[in-house]
Amino acid sequence: MENKGPNEITRRQFLTTVGKIGGSAALFSVMGTMGLFSPETMKAAEYTPPSRNDLSLTNRNGKRVIILGGGIAGMTAAYELEEAGYDCTILEARSRSGGRIWSVRKGTTVTEIGGVKQVARFDSGEHMYLNAGPMRIPQFHVTMEYIRKFGIPIEPFNNVNDHGYYYSENVGALSGKKIRKRAVKADVRGYVSEMLAKAVNQNALDLPLNAEEKEKLVAYLKREGDLNADLFYKGSSRGGYQSEPGGKLDAGVIRDPFDVNAIISSGFGNFFSSEYGYDQQMMMFHPVGGMDKIPQAFEKRVGHNMVFHAEVSEIRQDDSGVRVVYKNRDTGAIKEITGDFCICTIPLPELRNIPADFSPEMQKAISSINYASAGKLGIQFKRRFWETDEQLYGGTTVTNTDVASIYYPPTGYNAQKGILLAYYANGAAADRLGAMTLAQREQYALSTGAKIHPQFYKEFETSFSIHWKNIKYNQGGWAAYTEEDRKTHYQTLCKPDGRIYLAGEHMSYITAWMAGGIESARKVVTELHQRVLKA
């Protein structure tokens, strides 16, 4: 290996830092200033791409990149590459951008694979939508960088709200009862803290602690469980009141805790960890007016190079470039486009069915990855009874039924109407719901939801449901890698196959999140650009 001088090492470290902070565009800009671009690439940076009305035109001064898929990964790649002077064309099979970033509104239509056409009959209005795919953004995800850059208004998504409920069936004494989350959390923490504190005091646990450390541990458990002086849990105001405190002499009456056997048998404590996940912790945000504001903002910047209704039918490559054949879904016309490289963001269940010049190893990897089952159903109600009747603003109710989770709208508070996410199911539960007719899904959501909120039937107006494995051009919610997949097939997918690079949420360790698509696209853009510079 060639030896590098100290100044060159420092320069590399500097460029790495610029790339991490400012992204690919900033990195390319600094590299140009430092004279690290080749003359051909500098010319490309000054080039104005031709109109996409004539795809036969080529950029004679720079490299052309064909991007397959107009979701967030494809548009991120196009945005970053165009900032650096590349000529990009995005082929998108749908009539809209965004892919799984999809806000369902009045008039939205979809026909599931093998199913019937569905038309959203929601009312019009800023808050009257269902985010069929992503619906929230952790504050530390790279997605927020583009939200700031593009000036997209956002508001909090209250992912956690202990005024919501737990509801389970066939779990003993608490079966079929809706119970406020705060009550369950107070009781579980109280009883568990009591048991641990007593065990520590009685030296029943083999702990590598001295007497002073054990005393501190017991003091912590006493505070954590809100135990009394004798280390018993007798209930806590943390769990709520039978009678709320008020003015003057009205001190309120603290609720009695549930029986320890009942609360343990309920299994409610198993729901807690869903809030501890690294990506699930507050704060979270969403764009004002719907998640589709994000792809719309990208489209404003790269839409001039997007071809809609372009269904890819072949992906070909040789040593000199790539050739993509596609069909116009409106006219049926077959067209093709050529370029120097291809960034493919098509989800793997779709990609495996497209004839392509992939290596056998890459083809095997593409065909081996399963995608998660996921489904949602949104209901428009005549009035926001969860707010007016139950003082419940945002957050979730969690159940052990196939409904899994009910999400209360985190926007439009105190409006007359609202669209409630009546179920967000994954795995086998999603498959069971997805196998139902649209009417059966609606009935299941209503009948199960009515056990928690009796107002469901009376206030119901209309619904819209999605089963992502039945959605053409996706056929799944997100890539579901096994540990073995990550060691084998994923390593293959991460490598360029000739002149073709893969990107998308499936090319990341943060699958299912928009950030996964963005991060993967930025990695690919950097790799491709470095390859061009070395050529």
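It should be emphasised that the depicted structure is a prediction, and the values quoted were computed from it without experimental measurement.

Caption draft 1: Region of interest: helix 3 (residues 72-83). Here helix 3 contains 12 residues, and its C-alpha end-to-end distance of 16 Å stays within 8% of the 16 Å for a straight helix at 1.5 Å per residue. Among the 12 residues in helix 3, 11 count as buried, and that is most of the element. Of all the positions in helix 3, only Ile72, Ala73, Gly74, Met75, Thr76, Ala77, Ala78, Tyr79, Glu80, Leu81 and Glu82 are classed as buried. Looking one or two places after helix 3, you find Gly85, whose phi comes out positive at around 100°.

Caption draft 2: Focus on the pattern of salt bridges. Under the definition given, this model contains 24 salt bridges. Measuring nitrogen to oxygen at the nearest pair gives 2.9 Å for the salt bridge that ties Asp187 to Arg255. Residue Asp187 is found in helix 5 (residues 181-201), and its partner Arg255 is found in the loop between strand 12 (253-254) and helix 7 (260-266); the two are separated by 68 residues along the sequence. Between Glu212 and Lys216 there is a salt bridge whose closest N-O contact spans 3.8 Å. In this pair, Glu212 and Lys216 are both assigned in helix 6 (residues 211-225), 4 residues apart and thus about one turn of the helix distant. Each member of the pair, Glu212 as well as Lys216, carries the same accessibility label: exposed. Sharing partners across several salt bridges, the network here consists of Asp162, Lys181, Lys185 and Glu275.

Caption draft 3: Structural detail: the environment of Gln416. Mapped onto the secondary structure, Gln416 falls in the loop between strand 21 (405-407) and strand 22 (418-426). Distance from Gln416 to Arg384, taken between C-alpha atoms, is 6.3 Å for residues 32 residues apart in sequence. Residues within four places of Gln416 in sequence aside, it is in contact with Lys382, Arg383 and Arg384. Among the polar contacts listed, one links the side chain of Gln416 to the backbone oxygen of Lys382, at a separation of 3.2 Å.

Caption draft 4: Inspection of unusual backbone geometry at higher detail. Residue His309 is not a glycine yet carries a positive backbone phi of 60°. Looking at the element boundaries, His309 is found in the loop between strand 14 (306-307) and strand 15 (310-318). His309 gets classed as partly exposed once you look at its relative accessible area, which sits at 21%.

Caption draft 5: Molecular detail of the packing of helix 4 (residues 143-150) against helix 17 (residues 514-534). Direction vectors running N to C along helix 4 and helix 17 enclose 85°, while the axes themselves pass 9 Å from each other. If you check the angle between helix 4 and helix 17, you find them roughly perpendicular. Together, Thr143, Glu145 and Tyr146 of helix 4 and Met514, Ala515, Ile518 and Arg522 of helix 17 make up the contact between the two elements. Here the residues of the contact of helix 4 with helix 17 sort into 4 nonpolar, 1 polar and 2 charged.

Cut-offs applied
- Residues numbered from 1 in each chain as written.
- Predicted model: local features only at pLDDT ≥ 70, side-chain atom pairs only at ≥ 80, totals over all residues.
- Heavy atoms only, no water.
- Helix = DSSP H or I, 4+ residues; strand = E, 2+ residues; numbered from the N terminus.
- Expected span 1.5 Å × (residues − 1).
- Buried < 20%, exposed > 50% of the residue type's maximum accessible area, 1.4 Å probe, protein only.
- Salt bridge = Lys/Arg side-chain N within 4 Å of Asp/Glu carboxyl O.
- Contact = heavy atoms within 4.5 Å.
- Polar contact = N/O pair within 3.5 Å; in protein donor to acceptor, adjacent residues only side chain to side chain.
- Axes fitted to C-alpha atoms, helices over the stretch in contact; angles between N-to-C directions.
- Parallel < 35°, antiparallel > 145°, perpendicular 65-115°, else oblique.
- Nonpolar A, V, L, I, M, F, W, Y, C, P; charged D, E, K, R; others polar.

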